[in-house]
Amino acid sequence: MTRIEQNPAPAASTGDASGTDVGRWFATATAPGAAVARGLPRLPAWGPDPRGGYGIVSAPEVVDEALAVLRRASPAAVLTGAGMSTGAGLPDYRGADAVPRSPMTIQEFTGSDLARRRYWARATVGWSHFTRARPGRAHELLAQLGRAVPLTAVITQNVDALHQAAGSDPVIDLHGRLDTVRCLGCGAKISRAVHHERLLTMNPQVARRLPELAAETAQAPDGDAEVDRTADFRYPVCALCGGMLKPDVVFFGESAERARVDAAFEAVADSGALLVLGSSLTVMSGLRFVRRARADGLPVVIVNDGPTRGDELATVRVHGRIEDVLSTWYARLAGA
Ligand SMILES: [Zn+2]
């Protein structure tokens, strides 16, 4: 099996946001599941770790100890990942918003008109799934927790804006937001909802069949051959400068916005602890905050179902479902 090994990433370099390109972020240090599909690396964070380790539940004392650590070192910064949004109505990132099984790289997107047609065709069909997503219990519990104990920020690797919908504040969208479209020419940002309407207007043949196409995609996330055939799909350019429009999310091969990365590091610097929820920390984009926290002497609590790449850095490692752990903590804070 070919393994993607692009990530030498010594701890000392984790703060170098300018030097972190996508290749490093989405590279895998350990994940044997990082298969090469159609010549492209697959995001390892999206597949289960073949080594297993799922479904383990930590003893109540461990859950309590983690809360004690967080309370002693308050306030905490929170880093969240995909494990937060499962069960929130997003059927699957692969199927939800036209994120292909082999994620499209920024180079493909910007370099190929056909790739952009494919991307926007799939994204148009997948948009209805995305807009139906609502905060899950884990989002709601975290927002409640944020009102009970001081949190400096919720730093999320998710692009679904569900933390904001649940009421967490402030939220740093490390990898951007899928509900926003950005012009690569002038930097203007527009609403994805508005962009979606323009796409439908420009592609009446898709607009007519949208519910049918969306249902097909939902039923068979892998079976997007139908959408793939829409090589005649049309998409708009920036109304201000004629530049290329792209969803305002970090693509494979692309860096996060510097301001977002800086804000996240600042939040960690202002915190007494770092709490990781639902991230396997497979990508450097998230792991670097854990490394920074440890380098600064902050305790790190990791709550995740399944192994994470930060496990040996954790002060307390809690196994289990996010919502179960958060609800236990919340009950302790409210009742005890
Ligand atoms: Zn523009």
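Residues numbered from 1 in each chain as written. Predicted model: local features only at pLDDT ≥ 70, side-chain atom pairs only at ≥ 80, totals over all residues. Heavy atoms only, no water.

Peer 1: So what exactly am I meant to see when it comes to the packing of helix α5 (residues 113-132) against helix α8 (residues 192-202) here?
Peer 2: Any two packed helices are characterised by how steeply their axes cross, that is the angle between the axes, and by the distance between the axes. Interhelical geometry of α5 versus α8 gives an angle of 110 degrees and a closest axis separation of 11 Å. Comparing the axis directions of α5 and α8 gives the class roughly perpendicular. In the packing of α5 onto α8, the handedness of the crossing is left-handed. Between α5, through Trp120, Ala123, Thr124 and Trp127, and α8, the contact on the second element is made entirely by Arg192, Ala193, His195, His196, Leu199 and Leu200. Partitioned by chemical class, the residues of the contact of α5 with α8 number 6 nonpolar, 3 polar and 1 charged. (Axes fitted to C-alpha atoms, helices over the stretch in contact; angles between N-to-C directions. Helix = DSSP H or I, 4+ residues; strand = E, 2+ residues; numbered from the N terminus. Parallel < 35°, antiparallel > 145°, perpendicular 65-115°, else oblique. Left-handed = near helix turned anticlockwise from the far one by under 90°. Contact = heavy atoms within 4.5 Å. Nonpolar A, V, L, I, M, F, W, Y, C, P; charged D, E, K, R; others polar.)

Peer 1: Any chance you could explain the nonpolar core here in plain terms?
Peer 2: Considering soluble globular proteins, one finds that nonpolar side chains tend to be buried as a cluster. Counting residues in hydrophobic clusters, the biggest one holds 29 residues, and the most contacted among them are Leu142, Leu277, Val301, Val303, Leu326 and Trp329. The next biggest cluster of nonpolar side chains, apart from the first, holds 28 residues, and it includes Trp127, Cys183, Val206 and Ala214. (Core = buried A, V, L, I, M, F, W, Y, C linked by side-chain atoms within 4.5 Å. Buried < 20%, exposed > 50% of the residue type's maximum accessible area, 1.4 Å probe, protein only.)

Peer 1: Any chance you could explain the coordination of the zinc ion here in plain terms?
Peer 2: Angles at a metal have ideal values that depend on geometry: 109.5 degrees with four tetrahedral donors, 90 or 180 degrees with six octahedral donors. Protein coordination at the zinc ion: the donors are Cys183 (SG), Cys186 (SG), Cys238 (SG) and Cys241 (SG), at 2.3 Å from the metal. For the zinc ion, the 4 donor atoms in the first shell make angles of 97 to 116 degrees at the metal, a pattern classed as tetrahedral. Sequence spacing of the donors to the zinc ion: C-x2-C-x51-C-x2-C. Of the two residues, Cys183 sits in strand β6 (residues 176-183) while Cys238 sits in the loop between α11 (225-228) and β8 (245-249), which places them 55 residues apart along the sequence. Side by side, Cys183 and Cys238 carry an identical accessibility label, which is buried. (Donors = N, O, S within 2.8 Å, 3.2 Å for Na, K, Ca; no water. Tetrahedral: all angles 85-135°; square planar, octahedral: opposite > 155°, others 65-115°.)

Peer 1: For this particular structure, what's the right way to read the UniProt feature "active site" (unreviewed entry) in the protein?
Peer 2: The sites that carry the UniProt feature "active site" (unreviewed entry) are, in the present numbering, His175. Mapping His175 onto the fold places it in the loop between β5 (171-173) and β6. Under the relative-accessibility criterion, His175 is labelled buried at 7%. (UniProt positions renumbered as here; feature names shortened; annotations may be inferred.)

Peer 1: Can you walk me through α8 in this structure?
Peer 2: Residues lying three or four places apart along an α-helix face the same way, a consequence of the helix completing one turn every 3.6 residues. For α8, the set of buried residues is Arg192, His195, His196, Leu199 and Leu200. End-on view of α8: buried residues confined to an arc of 140 degrees, all on one side of the axis. For α8, the capping residue at the N-terminal end is Ser191, with a side-chain oxygen 3.0 Å from the backbone nitrogen of Ala193. (Arc of directions from axis to C-beta. Polar contact = N/O pair within 3.5 Å; in protein donor to acceptor, adjacent residues only side chain to side chain.)

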